[in-house]
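Tertiary structure, described
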Amino acid sequence: MKHRRRKVSTGTARSVGGQILALSLFIMLLAFFIILNAISTLEETRVDPVMRSLSEAFATRVDQTDLRDSPSDLETPEKSIHHGSVFERIDALFSAQMPSYQVHIDERNGEMYVRVPYRVFESAVLATLQGNALEMEGEQAAFLPGFFAPTLVALMQGDADQDRPVYRMDMILNIRGNPSHLRNQNPQRLAGHIGRITDLSDRLEEAGLQENLMSAGLMDGESDMMDLLFRRHVPYSPVDERESRR
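Quick summary incoming for the structure in this document.

About the criteria used
Residues numbered from 1 in each chain as written. Predicted model: local features only at pLDDT ≥ 70, side-chain atom pairs only at ≥ 80, totals over all residues. Heavy atoms only, no water. Salt bridge = Lys/Arg side-chain N within 4 Å of Asp/Glu carboxyl O. Buried < 20%, exposed > 50% of the residue type's maximum accessible area, 1.4 Å probe, protein only. Helix = DSSP H or I, 4+ residues; strand = E, 2+ residues; numbered from the N terminus. Pairing = 2+ DSSP bridges. Axes fitted to C-alpha atoms, helices over the stretch in contact; angles between N-to-C directions. Contact = heavy atoms within 4.5 Å.

Scanning the entire structure with this criterion turns up 7 salt bridges. A salt bridge links Asp170 to Arg168; the shortest N-O distance between them is 2.9 Å. Each member of the pair Asp170 and Arg168 is classed as buried. A salt bridge links Glu206 to Arg203; its shortest N-O distance comes to 3.3 Å. Linking Glu206 with Arg203, this pair stays in helix α7 (residues 187-206), spanning 3 residues, or about one helical turn. What makes Glu206 exposed here is its relative accessible area of 62%. Through salt bridges with shared partners, one network takes in Arg115, Glu222 and Asp227.

Our focus in this paragraph is the sheet that holds strand β2 (residues 111-117). One open sheet accounts for 5 strands, arranged β1-β2-β5-β3-β4; its pairing is mixed. Single-partner strands in this sheet number two, and they are β1 (102-106) and β4 (214-220). Each strand of the sheet is rotated relative to its neighbour by a mean of 15°, with strand direction disregarded. The pairing of β1 with β2 spans 5 bridges and is classified as antiparallel. Its bridge partner lying in β2, His104 is registered against Tyr113. Those strands touched by helix α3 (residues 86-97) are β1, β2, β3 (167-175) and β5 (225-232), and its axis lies near 10° from that of β2.

So this is what it looks like as C-alpha cells:
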C-alpha cells in the first residue's frame, strides 16, 4: 500500500501572525502620536506662516482664525484674570477674591449674572490699599487681597487697542420687605439700606468707574444678598430713538 502524506497548509497561521504584527505596530504608532500630541504646545509665530503657505498652495480660501481670540491654553486649571473673555476674567476675579458667589453667563444675550453676599462684596470693594492687578507682574496678583475694585473697573472699561467693548454693572441689594412699603412704614430702615448701596457706588466711582456705567437699587428678596448684572454698554443716542419712532 502506498502511504499518502498529508498536506499541511500554513497559510492561515502566517496570515494571522502577520495581522497580529501589523496590529501591534499600529497600536505602538497610535500611542506614540497620542503622547506626542499631549506634550506638544502651540506657537503662534510658527502657525501663522504655515497656514498662509497652505492657503496659497492648496486652497482658494482658508478660514483664518485669529489665535489671539482663541481660548487660552494654560498649564494650570486655575482661573486667571489675564486670559479669556471679559466675563471669564470677571469670573476669575470673583473666584480669587470672594469665597462664596454664584455666577451665570448668558453668552446668547451677552450678560453675566453674579449673586454674592453683601458683606463679602462690601469687604472686597471697601478694602484699603487697592491697586489694579492687571498692571501687576505675574498672574498671582489677582489672588492678593485689596485688588478687587480697581481691577473690576479696568475690566469693565474695555480696551480700544484690543477691540474690547465697555461694560456696565447694575447692582441690586436684596432686602426683606418691599422698598415702596418701607418708604411709608419704616423710612429710617429704608434710608439705612440706601446708605449701604450708596457707599459701594461711591467707592467704585472713586476707583474710576464712570457714573453712567453703573446703577444701584433695592429689591425685595433674600436678605443681604447682592445681585450684579454685567452687560455691554450701549451709549444713549437721541438720534437712534427718533429713528426708531418713525
